[in-house]
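Structural characterization, general
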Amino acid sequence: MKVVKKPFLLLAFVFLLFLTSCFQTSMSQSLVSSNPHSNSTNTDGTSSNLEEVKYPVVYEIFIRSFYDRDGNGVGDLNGVSQKVDYLKELGVDAVWFMPFNEAVSYHGYDITDYYNVEKDYGTMEDLENMIQVLHENGIKVIMDLVINHTSDEHPWFKDAVENTTSSPYWDYYIMSLEDHSGQDHWHWKINSKGQKVWYFGLFGYNMPDLNHDSQKVREEVKKIVDFWISKGVDGFRIDAAKHIYGWSWDDGIQESAEYFEWFRDYVLSKKPDAILVGEVFSGNTYDLSLYPIPVFNFALMYSIRNYPEGQDGMIENNWVEESFLFLENHDLHRFFSHLQEHYKKFSESDYEFIKKRAALWYFLIFTLKGSPVIYYGGEIGTRGFKWHGPVYDEPVREPMQWYASGTGEGQTFWTKEVYKNAGITFGNADVDGCIYDDPYDGFSVEEQESDPKSLLNFIRFILNFRKDHDAILNGDQTIFRDWKNLIAFYRESSNEKLLVVLNPDPVWQNSFTFEENMTMILEVDFENFIWNESNVSFSAGESFTVDPMKAYIFKK
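Residues numbered from 1 in each chain as written. Predicted model: local features only at pLDDT ≥ 70, side-chain atom pairs only at ≥ 80, totals over all residues. Heavy atoms only, no water.

**Here we look at the overall build of the protein**
Applied cut-off: Helix numbers and strand numbers start at the N terminus; a helix is a DSSP run of H or I with at least 4 residues, a strand a run of E with at least 2. Atoms considered for the radius of gyration are the C-alpha atoms alone. The globule rule reads 2.2 Å times the number of residues to the power 0.38. Think of it in three bands: residues with accessible area under 20% of the maximum for their type are buried, residues over 50% are exposed, and the middle band is partly exposed, with areas taken using a 1.4 Å probe on protein chains only. For every accessible area listed, the method is Shrake-Rupley and the probe measures 1.4 Å; residues are considered covered only by the protein chains on display. The convention is simple: Lys and Arg are positive, Asp and Glu are negative, and His and the chain ends are not counted. For charged residues, the charge sits on one atom: NZ in Lys, CZ in Arg, CG in Asp, CD in Glu.
Tallying secondary structure elements over the protein gives 17 helices and 20 strands in all. Against the compact-globule benchmark of 24 Å for 556 residues, the protein has a radius of gyration of 24 Å, which places it among compact chains. Its C-alpha atoms give the protein principal-axis dimensions of roughly 80 × 60 × 45 Å. Residues counted as buried form 60% of the 556 residues belonging to the protein. For the protein, the computed accessible surface area is about 21,000 Å², with 49% contributed by carbon and sulfur atoms. When the 48 positive and 85 negative side-chain charges of the protein are each reduced to one mean point, those points stand 2 Å apart.

Laid out in structure tokens, this is it:
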């Protein structure tokens, strides 16, 4: 018979009372510890000694593409350790690592061992050292936790296929000896006894879904969480959180959301200041708001991408409380490239135009309530489009560009062989491993560090400006204006009140009237790409005009 997935909830009344004291509501919780001065304590008794903020800046790293310490062209854990100063200077509070467990595929989302490190990246000792180095520099570690499915090469799955109902792992997966021909996302394998074993795998035959109705699976999830917390991990990004339950891409969302009630409770019982965020790949705010853990705000991301010159109601119509804010990730066209496609501006002379538009939207997500996320290279405008064969996601996961020449110590080039084997010569990809980046094109850290008006230097400035303002780091938010050519909102904490104002429209100005006495502390002119801290006072009742492509921050 077809296995029916049902929500399974663990209700612990005493613990929920504790959670109530830490979170405003069961569906709207802070992203880290409610105590802004508490230290993170691991289960091994060591302290991370990291300053807590409610909305940390998160930097997503694909280790394979980031920095290569041993010279083989593949990024590694020691490479991340070596670039900690870069992360610190950028203004990063936490790093979300794409999977570093042992896996089959280059991306790591088909895990074969939850308790080991991908050998391409280094050893467990290297990982522990990297975590220590990051912690010493005030940077937390978020692990990509892939528990919706495993690889079909995982020992659990192979045992279940071979020994069927007598295997201790049969119930770990959604498996059947009955025929499921014609049913979407069902696959089969033949074992050594000649038995056809059917199983469900939403993401494909090589990624069988785990059965989270199984108490054994839930106990295994607990063990995985315990293990990595003991290694110093500060939180988890849960892959495919939308699909824990359900038989297709858009069902089972309610049940999947309810699953994370027990998961949240368990993780926070082990590490009260753990950072949690779920990947719920949906632009529907109703779906996103169901989850009892923070999620990535796909709704706002899609709105910005669809309306890069603003839209009435952009914030309020796409708001999800306590969400993580982002413009790009490893599954999407790079944001810079998306803007190029939107405006049909691909020439070198158009780069400045696209840079200004990208910077404007980074300013917004860096000042709105929530944790902003930068996908590695986003700070230098890294480009890339997803392909549909002979390669697929590799072009949006290309090597981080550290040098103007495209070569130098630590530069990764693992994609070179991939593109060469696929016969891809576009952009000299078979030579330098990059389809969309060329030497001396302005899209490297080396080139942008020396340019005071680069995207990198703007993002460094605004992220470090952000660190000086408690209202942005920890404060609440009230929308003041939400129009196409005037976005304005208050950010307020116990000791600071700010008014953030932005006009994303390239043509039309707008104006507002101050509700109270305020002082301008920051002015950004995106059209001329200049930014200045200031000290200009305004009185309640005074009118202020916001020109196109301008942003301001005022302080009470």
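Having put the structure on the table, let's press on.
**Digging into the side chain of Asn137**
Stated formally: Pairing of N or O atoms within 3.5 Å defines a polar contact, subject to two protein rules: one partner must be a possible hydrogen donor and the other a possible acceptor, and residues neighboring in sequence count only if both atoms are side-chain atoms. Throughout, a residue-residue contact means that at least one pair of heavy atoms, one from each residue, lies within 4.5 Å.
By the element assignment, Asn137 lies in the loop between helix H5 (124-136) and strand S5 (140-145). Within the structure, the side chain of Asn137 is placed 2.8 Å from the backbone oxygen of Val133, a separation counted as a polar contact. Every residue in contact with Asn137, bar those within four places of it in the chain, is listed here: Val84, Asp85 and Lys88.

**Some details on helix H10 (residues 298-306)**
Where burial is concerned, most of H10 is hidden: seven out of the nine residues are buried. Of all the positions in H10, only Phe298, Ala299, Leu300, Met301, Ser303, Ile304 and Arg305 are classed as buried. Structurally, H10 contributes buried residues whose contacts are with helix H9 (285-289), strand S11 (324-326), helix H11 (335-343) and helix H12 (351-367). Its side-chain oxygen at 3.1 Å from the backbone nitrogen of Ala299, Asn297 defines the N-terminal cap of H10.

**Let's talk about the UniProt feature "domain: Glycosyl hydrolase family 13 catalytic" (unreviewed entry) in the protein**
Defined as follows: UniProt positions are given in the numbering used here, feature names are shortened, and annotations may be inferred rather than shown by experiment.
Under the feature "domain: Glycosyl hydrolase family 13 catalytic" (unreviewed entry), the UniProt entry names residues 60-425. End C-alpha to end C-alpha, residues 60-425 measures 28 Å, and it is 33% helix and 14% strand.

**Quick look at the nonpolar core**
What counts is decided by this rule: Definition of nonpolar core: a set of buried residues of the types Ala, Val, Leu, Ile, Met, Phe, Trp, Tyr and Cys, connected through side-chain atoms within 4.5 Å.
Counting 134 residues, the largest nonpolar core has Tyr59, Phe263, Phe363 and Phe526 as the members making the most contacts within it. In terms of residue count, H12 provides more of this core than any other element does, eleven residues in total. Core analysis: the next-biggest nonpolar cluster, separate from the first, contains 15 residues, Phe514, Met518, Met520 and Phe544 among them.

**A word on the sheet that holds strand S6 (residues 175-176)**
Threshold: Following DSSP output, two strands are said to pair if at least two bridges run between them.
Judged by pairing direction, the sheet is antiparallel, and its three strands sit side by side in the order S6-S8-S7 without closing on themselves. Each end of this open sheet is capped by a strand with a single partner; those strands are S6 and strand S7 (186-190). Bridging between S7 and strand S8 (residues 196-200) involves five bridges; their strand directions are antiparallel. Its bridge partner being in S8, Ile190 is matched across the sheet by Lys196.

**Some remarks on the packing of H10 against H11**
For clarity, the threshold we go by: Every angle, taken between N-to-C directions, lies between 0 and 180 degrees, and every axis is a line fitted to C-alpha atoms, over only the stretch in contact when it is a helix. For classification, angles of less than 35 degrees are called roughly parallel, those exceeding 145 degrees roughly antiparallel, those between 65 and 115 degrees roughly perpendicular, and all remaining angles oblique. Residue type decides the class: Asp, Glu, Lys and Arg count as charged, Ala, Val, Leu, Ile, Met, Phe, Trp, Tyr, Cys and Pro as nonpolar, and the leftover types, Gly among them, as polar.
Between H10 and H11, the shortest axis-to-axis distance is 10 Å and the interhelical angle comes to 40°. In this view, H10 runs oblique relative to H11, as classed from their interaxial angle. Along the contact surface, H10 presents Ile304, Arg305 and Asn306, while H11 presents Phe335, His338 and His342. Split into classes, the residues belonging to the contact of H10 with H11 amount to two nonpolar, three polar and one charged.

**Structural notes on the sheet that holds strand S15 (residues 496-503)**
Within the open sheet, the six strands sit side by side as S13-S14-S15-S20-S17-S18. Their pairing is antiparallel. One side of each edge strand has no neighbouring strand; the edge strands of this open sheet are strand S13 (476-483) and strand S18 (530-538). Between one strand axis and the next, the sheet turns through 15° on average, direction left out of account. Two strands pair when backbone bridges link them, and strand S17 (residues 518-525) and S18 are joined in this way by seven bridges, in the antiparallel orientation. By the bridge assignment, Met518 is partnered in S18 with Phe538.

**Observations concerning the packing of aromatic side chains**
Inclusion rule: Pairing of aromatic rings covers Phe, Tyr and the six-membered ring of Trp, with a centre-to-centre limit of 6.5 Å; geometry is then stacked below 30 degrees between planes, edge-to-face above 60, and tilted otherwise. By definition here, charges over rings are those cases where NZ of Lys or CZ of Arg is within 6 Å of the ring centre and within 35 degrees of the ring normal.
Across all of its chains, the model carries 62 aromatic pairs by this definition. Centroid distance Tyr245 to Tyr259: 6.3 Å. Interplanar angle 70°. Geometry classified as edge-to-face. Here Tyr259 lies in helix H8 (residues 253-270) and Tyr245 lies in the loop between strand S9 (235-238) and H8, a separation of 14 residues in the sequence. Classification of Tyr245 as buried rests on a relative accessible area of 2%. An aromatic cluster of three or more residues is present, and its members are Phe480, Tyr490, Phe512, Phe514, Phe538, Phe544, Tyr552 and Phe554. A cation over an aromatic ring shows up here: Lys196 above the ring of Trp188, its NZ or CZ 4.2 Å from the ring centre. When the ring centre of Phe480 is taken as reference, the NZ or CZ atom of Arg481 above it lies at 4.1 Å.

**Quick word on the packing of helix H7 (residues 215-230) against H8**
Packed helices, taken two at a time, are described by their axes: the angle between them and the distance between them. We apply this condition: In this scheme the crossing of two helices becomes right-handed for a clockwise turn of the near helix relative to the far one and left-handed for an anticlockwise turn of less than a right angle.
Their axes nearest at 11 Å, the elements H7 and H8 cross at an angle of 35°. The chirality of how H7 crosses H8 is right-handed. Every residue of H8 that contacts H7 at Arg218, Val221, Lys222, Val225, Asp226 and Ile229 is listed here: Tyr259, Trp262, Phe263, Tyr266, Val267 and Lys270. Among the residues forming the contact of H7 with H8, the class breakdown is eight nonpolar, no polar and four charged.

**Structural notes on the environment of Ile293**
Positionally, Ile293 belongs in the loop between H9 and H10. Taking the C-alpha atoms as reference points, Ile293 and Leu276, separated by 17 residues in sequence, lie 6.5 Å from one another.

**Remarks on H7**
To keep things clear, this is the line we draw: What a helix is expected to span follows from its residue count: subtract one and scale by 1.5 Å.
The end-to-end C-alpha separation of H7 is 23 Å, in line with the 22 Å expected for 16 residues at 1.5 Å each. What H7 keeps buried is the set Val217, Arg218, Glu220, Val221, Lys222, Ile224, Val225, Trp228 and Ile229. Put simply, Ser214 is the residue that caps the front of H7, since its side-chain oxygen is 3.2 Å from the backbone nitrogen of Lys216. Count one or two residues on from H7 and you reach Gly232, which has phi positive near 105°.

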